[in-house]
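Understanding the architecture of this molecule
Each chain is listed here by its residues.
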Amino acid sequence: MQNASSDPKKPACGCCGAESSGPSRRGFLAKTAAVVFGAVALAGPVAVGLFSFLSPLRRTKQAGTFCRVATLDALPADGTPRKFPVIADRTDAWTLYKNVPVGSVFLRLVAPGQVQALSVICPHAGCFVGFDAAAGDFVCPCHAARFDLDGRRTDKDSKSPRDMDALAGVEIRGTEIWVHYEKFRTGIAEKVVQS
Amino acid sequence: MNAIGRWIESRTGVVAWLGRCRERRVGGRACLRRSLPCLVLFAFAVQVITGIFLLMRYCPSSQTAWESVYHLQYEIQGGWLLRAVHHTCGQAVLVLVGLWLLGMILRGTYRAPREFVYWSVLLLGLVTLALLLTGDLLAWDENSRSATLTRVGFLQSLPGVGEPLFRLAAAGAEFGNLTLAQFTALHAVVLAGAFGLLLGLRWWFARRANEPNRDRKGAEAAGAPYWPNQTLVNVVGCLILLAVVFGCALGHGVDAPQRGVALGPPADPAGFYDAARPEWAFLGLYGFSKLDVFAGSTVVPIFVIPGTLVLLFLLVPFVGQLRLGRFPLGHVLNVVLVLVLLAGDVGLSLAVIAHDRADEQHQRAIRQSRQAAERITVLIDHHGGIPPAGALTLLQDDPKTQGPILFQRYCATCHNHAGKSPDDIQAEEPSAPNLFAYGSRRWLAGLLDPERIDEADYFGNTAFRRGPMVDFIKETFSEMEPEDREDRERIVAALSAEAKLLAQAALDRQDAATIAQGRELITDYCTDCHQFGGKGKLGTAPELTGWASRQWMIGMISNPADPRYYGKKNDRMQAYAETEDEAKNLLTNREIELLVDWLRGEWYEPVVRSP
């Protein structure tokens, strides 16, 4: 800051501003008002814009839906997992896509009439875990985390912070397998549904 | 801290520069007139800020432009206000730049050495007009597409270069995806950048022009200091401007659906909005081009004369030097030029507004557009979102929207659809029954009324006017006993129940006993000519089993000369779907369904919950 001068006859320094007596107070008021009003004027449009900008924080997507994923006879009897697409409605901002693939799950016959569903999304970084038929286990293509058929981590220093995510809602309706499809947050040790 | 401060100051010189700025003085008292450049800068800043946030939520393409604006307007909280502020403040920029230019010309401050200052402001005005034109298209609603298409389409009328120029402007032979992408880039980057650049240039030129004053000791020193006196006035001006902008943006209240700037129904590439008009800034030019003197010419009123005017405005600083002795002839000419232009523009704009207000056709188009805009929000809510192919597909598959259009196009050559409402469709020469409320008890009661059956609303203008049906009705119901009257009411109820109108469903259930009696009466009275419930033959008159039901109506429109309907006695009505092959028919099966559903008044309406 420059030094304020209170000499009205010397306008070379415009800091004091006003020419009248008692200049410093009026000058100070005017300056403060100018700065404050200026900030308020600019804050108006910024606030309106920020309100829309922050809208993603206010909106929450509806939690997962029950979808018909496969039929019982599509699963190998020996308990080998098989990957199936999940077909459901997907909303992307304003667009509603009806009956489109929204993700994939591994289904496996654990016992006759009993099905286990694992999300294909690796809990580490969100890559899609694959089934290694030769080794008989799951392996993630990105950071080589391995999981057994139940989705448990098998390597001691696994990159994955938790076991593969089992989808709890699996229902057998007649011969159809219905799964309550959900996505979970990646990169953390707890299994938390993405909302 | 001081060391860091000194280091920054030595590298940037900001503090010294601010100090020099504070030394500035204005050439008189601090006042709002001197705030104009600052107000324009502020309005521009508002446009940049709100524009950036809008751009973050906008997707320029035929299927997503309107849809993303819809999302902003109705789904994103506060999005409508952001849109409204950007829209209103855009108009404010034009008004401010216009006032600025007007002030410069009236006060003669375009003269040496301020020629370049004047030209910068003049170019700012032109760039602002271009910003309004490009920004108008982006919402991609009915009016914005149609009005912009017309304005850009005028390029085609230029001899020789017209066609390539239009292709360049539209980024293709027609308005579409690339037009939107290009207009977005022009609006948000090129023109906005040019505006900022011109503001900077104006500041630079103004500084150069004022330098001699600064050397003249005392001349400027007498004026008020820029900081804080003039600055405070500027800032208060900005606040007033902001209040006006927000006032206008909030003018329609904060409740959906009229809040903020209206969003029309999505643009239809196959259609044109009958009430398309440019924004107010271009209304004068529109009115000018419509003047009778320019009949048959667009090049003269749209390009030659406005181009000449721009040239005259560019020459203002030179013309201003002309003097006749001591009389400032040039300046007077300039003032006359701007005042005449202003008066002409205002006059023509008002004439256009007055003409449109009185034009019933225009008002009807506006009304229909508003209805479609309301309807599309209902359809999107009902569908749970917008289909990937765009919102227009929802309107194209909606009986309430398509019914009147199809009726007007295919049926209103002969049929009226008139129930004394503003949306009535009148045939040019009614020569067939009025189909308003067709199938309802009200419609049938008229048909079976001996006084009315040969009126224009029924068979009055048809070949059946003196036919056996009219004779029969006149004979049977002309001098009725009270019990005959009741019989007729029973027949009306029973036959109307065949239509299975949703609107009458409750009534039909309630009157089940009357309807059963009526069915007996129909079998007694009508089956000499009509077939009903298995009795009577086909081929002499239309079948009454399922009369006016959805399927019956679809069949009737498809082929009225089918034995099930009028057979060989069919009076002039066309078959709209005679063959199995839809491509060979006048109407597709879906179009006939839309028409029938509309005639029956059966379309989706949201349930209105009473508070």
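In case you missed it, the structure is sitting above this.
Read on for an overview of the structure. The structure presented is a predicted model; accordingly, all values stated were derived computationally and were not measured.

1. A look at the overall build of chain B
A count of helical and extended segments in chain B gives 24 helices and zero strands. Here chain B has a C-alpha radius of gyration of 34 Å; the compact-globule value for 611 residues is 25 Å, and the former is much larger. Judged by the C-alpha coordinates and their principal axes, chain B covers about 115 × 65 × 45 Å. Going through the 611 residues of chain B one by one, you find that 46% of them count as buried. Nonlocal contacts in chain B, meaning residues at least 24 apart in sequence, comprise 65% of its contacts between residues at least 6 apart. Surface accessibility of chain B: about 31200 Å² in total, with carbon and sulfur atoms responsible for 61%. With 59 positive and 62 negative side-chain charges, chain B shows a separation of 18 Å between the mean positions of the two kinds.

2. Brief notes about the packing of helix 5 (residues 79-107) of chain B against helix 6 (residues 115-138) of chain B
Two quantities define a packed helix pair, namely the angle between the helix axes and the distance between the axes. All names here are of chain B. Here helix 5 crosses helix 6 at 155°, and the two axes come no closer than 9 Å. With respect to each other, helix 5 and helix 6 are oriented roughly antiparallel. The two elements helix 5 and helix 6 meet at a crossing, and its hand is left-handed. Residues G90, Q91, V93, L94, V97, W100, L101, M104 and I105 of helix 5 touch helix 6, and the partners they reach there are V117, Y118, V121, L122, L124, G125, T128, L129 and L132. When its residues are assigned to classes, the contact of helix 5 with helix 6 shows 14 nonpolar, four polar and no charged.

3. Describing the sheet that holds strand 9 (residues 176-181) of chain A
Residue and element names in this part refer to chain A. The strand order 1-9-8 describes an open sheet built from three strands, whose pairing is antiparallel. If you trace the sheet from one side to the other, it starts and ends with strand 1 (65-71) and strand 8 (170-173), each paired once. Recorded for the sheet is a direction-independent mean angle of 30° between the axes of neighbouring strands. Sheet topology places strand 8 next to strand 9; four bridges connect them, and they run antiparallel. Counted as the bridge partner of R173 is E176 from strand 9.

4. Focus on unusual backbone geometry
Trans peptide bonds make up most of the peptide bonds, and negative phi angles are found at most residues other than glycine. All names here are of chain B. A cis geometry characterises the amide bond from A112 onward to P113, with omega recorded as 5°. With respect to the element layout, P113 can be found in the loop between helix 5 and helix 6. For the peptide bond that leads from W227 to P228, omega is 0°, which places it in the cis range. Mapped onto the elements of the fold, P228 is located in helix 10 (residues 226-249). Notably, A437 is not glycine yet its phi reads approximately 60°, a positive angle. Locating A437 in the fold gives a position in the loop between helix 17 (399-411) and helix 18 (441-447).

5. A look at the interface of chain A and chain B
Counting from both sides, the interface comprises 38 residues of chain A and, opposite them, 43 residues of chain B. Summed over both sides, the interface of chain A with chain B buries roughly 3400 Å², with 72% coming from carbon and sulfur. Broken down residue by residue, the surface that chain A buries against chain B is led by P45, V48 and W94 of chain A, which jointly contribute 21%. One can count zero salt bridges joining chain A with chain B. In this assembly, chain A and chain B are joined by four residue pairs in polar contact (both at pLDDT 80 or more). Looking at the side of chain A that touches chain B, the elements that each hand over two or more residues are helix 1 (23-53), helix 2 (55-58) and strand 3 (95-111) of chain A. At 20 residues, the largest contribution of residues to the side of chain A that touches chain B is made by helix 1 of chain A.

6. Digging into the sheet that holds strand 4 (residues 114-119) of chain A
Strands belonging to one sheet form pairs held by backbone hydrogen bonds; the direction of such a pair is parallel or antiparallel. All names here are of chain A. Read from one edge to the other, the open sheet built from three strands follows the order 2-3-4, with strand pairing classed as antiparallel. Taken across any chain shown, the strands that pair with only one partner, and hence form the sheet edges, are strand 2 (82-92) and strand 4. Across the sheet, the axes of successive neighbouring strands diverge by a mean angle of 40°, strand direction being ignored. Both strand 3 and strand 4 contribute to a ladder of six bridges, which runs antiparallel. In the strand pairing of strand 4, L109 is matched with V115.

Here is what the cut-offs are and how they apply
- Residues numbered from 1 in each chain as written.
- Chains lettered and ligands numbered in written order.
- Predicted model: local features only at pLDDT ≥ 70, side-chain atom pairs only at ≥ 80, totals over all residues.
- Heavy atoms only, no water.
- Helix = DSSP H or I, 4+ residues; strand = E, 2+ residues; numbered from the N terminus.
- Rg over C-alpha atoms; globule rule 2.2 N^0.38 Å.
- Buried < 20%, exposed > 50% of the residue type's maximum accessible area, 1.4 Å probe, protein only.
- Contact = heavy atoms within 4.5 Å.
- Areas by Shrake-Rupley, 256 points an atom, 1.4 Å probe, with all protein chains shown as cover.
- Lys, Arg positive; Asp, Glu negative; His and termini not counted.
- Charge placed at Lys NZ, Arg CZ, Asp CG, Glu CD.
- Axes fitted to C-alpha atoms, helices over the stretch in contact; angles between N-to-C directions.
- Parallel < 35°, antiparallel > 145°, perpendicular 65-115°, else oblique.
- Left-handed = near helix turned anticlockwise from the far one by under 90°.
- Nonpolar A, V, L, I, M, F, W, Y, C, P; charged D, E, K, R; others polar.
- Pairing = 2+ DSSP bridges.
- Buried area = accessible area lost by both parts, 1.4 Å probe.
- Salt bridge = Lys/Arg side-chain N within 4 Å of Asp/Glu carboxyl O.
- Polar contact = N/O pair within 3.5 Å; in protein donor to acceptor, adjacent residues only side chain to side chain.

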